[in-house]
Amino acid sequence: MPMRQSMPRRLSRIAILLGALLLAACAGPMPTPYGPAADGFGFSQTQIARDRWRVAFTGNPATSPETVDSYLLRRAAQLTLEQGGDYFVVEGRGITGAPASVAAVRSYPGGVSIPPSAPQAGPVIGVWGGVATLNERSGTAFTAQADIRIHRGAAPAGDPAAVDARRTLTATQPPSR
């Protein structure tokens, strides 16, 4: 009898494992998280005068242009506060797109290591019985860029280019991870 009870348990465990593998194989690369540029994706800034900065955010192909633009404004607001300002004026702003691809490797117990440049995709059985998935996404990587001038005091009412840094930080919260 113990053999019959363990067989359904084994089958249910195998079914759960296969379901998890299917979900992992379908999961693609994650959007670029908010943070400093790494591997070409994230925010950067360059000081171009005492109170002027060029701020940019580049997202991978899994990051929407709306998110890229929101993260640009968030970084401009953070930079304004870091520099002792209260608001910034956008003097020039744009968003561009360029072809790009991004790979995601997820490994599971039994561990395998597959470089993102490996040609295979989907589930791969590892040397010790582990499993990894490699998913690549090609598309457009968007970059939002703005030249800003940092100011102290209250933002002038009626100036659409003047952006309150604290309000912008509240309005552009990145998703929790």
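Refer to the structure printed above.
**Let's talk about the nonpolar core**
Argument step 1. One finds Trp-53, Val-55, Phe-57, Leu-72, Phe-88 and Ile-148 to be the most contacted residues of the largest nonpolar core, which totals 21 residues.
Argument step 2. Those elements giving two or more residues to this core turn out to be β2 (52-58), α2 (65-82), β3 (87-107), β5 (131-151) and α3 (165-171).
Argument step 3. When residues in this core are grouped by element, the largest group, seven residues, is from α2.
Argument step 4. Beyond its immediate chain neighbours, meaning those up to four positions away, Leu-72 contacts Val-55, Ala-56, Phe-57, Arg-93, Ala-144, Gln-145 and Ala-146.

**Observations regarding the side chain of Asn-60**
Argument step 1. Mapping Asn-60 onto the fold places it in the loop between β2 and α2.
Argument step 2. A relative accessible area of 4% means that Asn-60 is categorised as buried.
Argument step 3. Side-chain polar atoms of Asn-60 contact the backbone nitrogen of Ala-62, separated by 2.8 Å.

**A closer look at the pairing of strand β1 (residues 42-49)**
Argument step 1. Taken together, the seven bridges between β1 and β2 define a ladder with antiparallel strand orientation. The residue bridging Phe-43 from the neighbouring strand is Phe-57, located in β2.
Argument step 2. What sits between β1 and β2 in their antiparallel hairpin is a turn of two residues.

Conventions adopted
- Residues numbered from 1 in each chain as written.
- Predicted model: local features only at pLDDT ≥ 70, side-chain atom pairs only at ≥ 80, totals over all residues.
- Heavy atoms only, no water.
- Core = buried A, V, L, I, M, F, W, Y, C linked by side-chain atoms within 4.5 Å.
- Buried < 20%, exposed > 50% of the residue type's maximum accessible area, 1.4 Å probe, protein only.
- Helix = DSSP H or I, 4+ residues; strand = E, 2+ residues; numbered from the N terminus.
- Contact = heavy atoms within 4.5 Å.
- Polar contact = N/O pair within 3.5 Å; in protein donor to acceptor, adjacent residues only side chain to side chain.
- Pairing = 2+ DSSP bridges.

Treat this as a map of the structure, not an account of what it does.
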